[in-house]
Amino acid sequence: QKEVEQDPGPLSVPEGAIVSLNCTYSNSAFQYFMWYRQYSRKGPELLMYTYSSGNKEDGRFTAQVDKSSKYISLFIRDSQPSDSATYLCAITSNEKLTFGTGTRLTIIP
Amino acid sequence: NAGVTQTPKFRILKIGQSMTLQCAQDMNHNYMYWYRQDPGMGLKLIYYSVGAGITDKGEVPNGYNVSRSTTEDFPLRLELAAPSQTSVYFCASSFAYLGTSGGPGRSETQYFGPGTRLLVL
């Protein structure tokens, strides 16, 4: 069983829709949860960082963590074409990150 | 600040050739990392370094070597290139708090470079 599982997509939604991206993990020792966004032919950049169960909001983005289910989500409201990218979840209990495989998202104008 | 820089951007190697991928950061981060990214496989950690003079293996270290002589630079060496090393390589850096009393540390945001695309033929 992989430590972090992420649906690779691809996922295509119309502009303005709510997007839900998800990851599951197997190691209950993980305590820090991140979402990275990666545009085509670029390096990943941090989008959201949280370390507790519950929701964390930043503009149109909401990160949700459910430690009891070992499940994390990223919600994007009012999706824009500029949100088209690959989204990677990353989880850690120390200095090293374990990444999901990434979900490729396309927002259709 | 330039952040994390990588050179070259793209390289074609023949099987058996060697090369060094360069990585530098100007944020005074103590931790530096090398990842490879293959289609549909996410990012896999090759090597990482907790500071100058200290390196450690990640998940997929075979076929690679690293050194960390300064805080700023963390080159990745491929000695005998193989087709399986065709990939996109990303360098990253972060400030990490070391664990106390043997416990795990914690890393702040990892900042990634733009990547090096390597094709081995």
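Everything quoted here is computed from the prediction, not taken from an experiment. (Residues numbered from 1 in each chain as written. Chains lettered and ligands numbered in written order. Predicted model: local features only at pLDDT ≥ 70, side-chain atom pairs only at ≥ 80, totals over all residues. Heavy atoms only, no water.)

A. Main features of the side chain of S93 of chain B. All names here are of chain B. Inspection of the secondary structure assignment puts S93 in strand β9 (residues 87-94). Owing to a relative accessible area of 0%, S93 belongs among the buried residues under this scheme. When neighbours within four sequence positions are excluded, S93 is seen to be in contact with V4, Q25, M27, H29, Y31, M32, Y33, T109, Q110 and Y111. (Helix = DSSP H or I, 4+ residues; strand = E, 2+ residues; numbered from the N terminus. Buried < 20%, exposed > 50% of the residue type's maximum accessible area, 1.4 Å probe, protein only. Contact = heavy atoms within 4.5 Å.)

B. Molecular detail of the sheet that holds strand β8 (residues 76-78) of chain B. Residues and elements named next belong to chain B. Read from one edge of the open sheet, four strands run β1-β3-β8-β7, paired in antiparallel fashion. Pairing within the sheet leaves two strands with one partner each, and these edge strands are β1 (4-7) and β7 (64-66). For this sheet, the mean angle separating the axes of adjacent strands, direction not counted, is 20°. (Pairing = 2+ DSSP bridges. Axes fitted to C-alpha atoms, helices over the stretch in contact; angles between N-to-C directions.)

C. Geometry of the environment of I12 of chain B. Residues and elements named next belong to chain B. Looking at the element boundaries, I12 is found in strand β2 (residues 10-13). Take I12: its relative accessible area is 47%, and that puts it in the partly exposed class. Apart from residues no more than four positions distant in its own chain, I12 is found in contact with L119 and L121.

D. Molecular detail of unusual backbone geometry. Along the chain, T7 of chain B connects to P8 of chain B via a cis peptide bond; the corresponding omega equals -5°. You can see P8 of chain B is positioned in the loop between β1 and β2. The phi angle at R41 of chain A is positive, at roughly 60°, despite the residue not being glycine. Inspection of the secondary structure puts R41 of chain A in the loop between β4 (32-38) and β5 (45-50).

E. Spotlight on the state of the cysteines. All names here are of chain A. Tallying each qualifying case throughout the model produces two disulfides over all chains. Two residues, C23 and C89, share a disulfide whose sulfurs are 2.0 Å apart. Taking the sign of the S-S torsion, -100° for the link of C23 and C89, the bridge is left-handed. One end of the pair, C23, is in strand β3 (residues 19-25); the other, C89, is in strand β9 (residues 85-92), with 66 residues separating them in the sequence. Exposure remark for C89: the relative accessible area of 0% places this residue in the buried category. (Disulfide = S-S within 2.5 Å.)

F. Highlighting the interface of chain A and chain B. Facing 18 residues of chain A, the contacting portion of chain B comprises 24 residues. Summed over both sides, the interface between chain A and chain B buries roughly 1800 Å², with carbon and sulfur atoms accounting for 57% of that surface. Considering only the side of chain A, the residues that lose the most area to chain B are E95, K96 and F99 of chain A, jointly responsible for 32% of the buried surface there. Our count for the contact surface shared by chain A and chain B stands at two residue pairs in polar contact (both at pLDDT 80 or more). Elements with a contribution of two residues or more to the side of chain A that touches chain B: β4 and β5 of chain A. Counting residues per element, the side of chain A that touches chain B draws most heavily on β4 of chain A, at three residues. Looking at the side of chain A that touches chain B, its residues break down into eight nonpolar, six polar and four charged. (Buried area = accessible area lost by both parts, 1.4 Å probe. Polar contact = N/O pair within 3.5 Å; in protein donor to acceptor, adjacent residues only side chain to side chain. Nonpolar A, V, L, I, M, F, W, Y, C, P; charged D, E, K, R; others polar.)

G. Just the pattern of salt bridges, in detail. All names here are of chain A. Enumeration according to the criterion identifies six salt bridges over all chains in this entry. With its nearest N and O atoms 2.8 Å apart, the salt bridge here joins R60 to D83. Residue R60 is found in the loop between β6 (54-58) and β7 (61-66), and its partner D83 is found in the loop between β8 (71-76) and β9; the two are separated by 23 residues along the sequence. When its relative accessible area of 25% is taken as the criterion, R60 is described as partly exposed. D83 gets classed as buried once you look at its relative accessible area, which sits at 1%. (Salt bridge = Lys/Arg side-chain N within 4 Å of Asp/Glu carboxyl O.)

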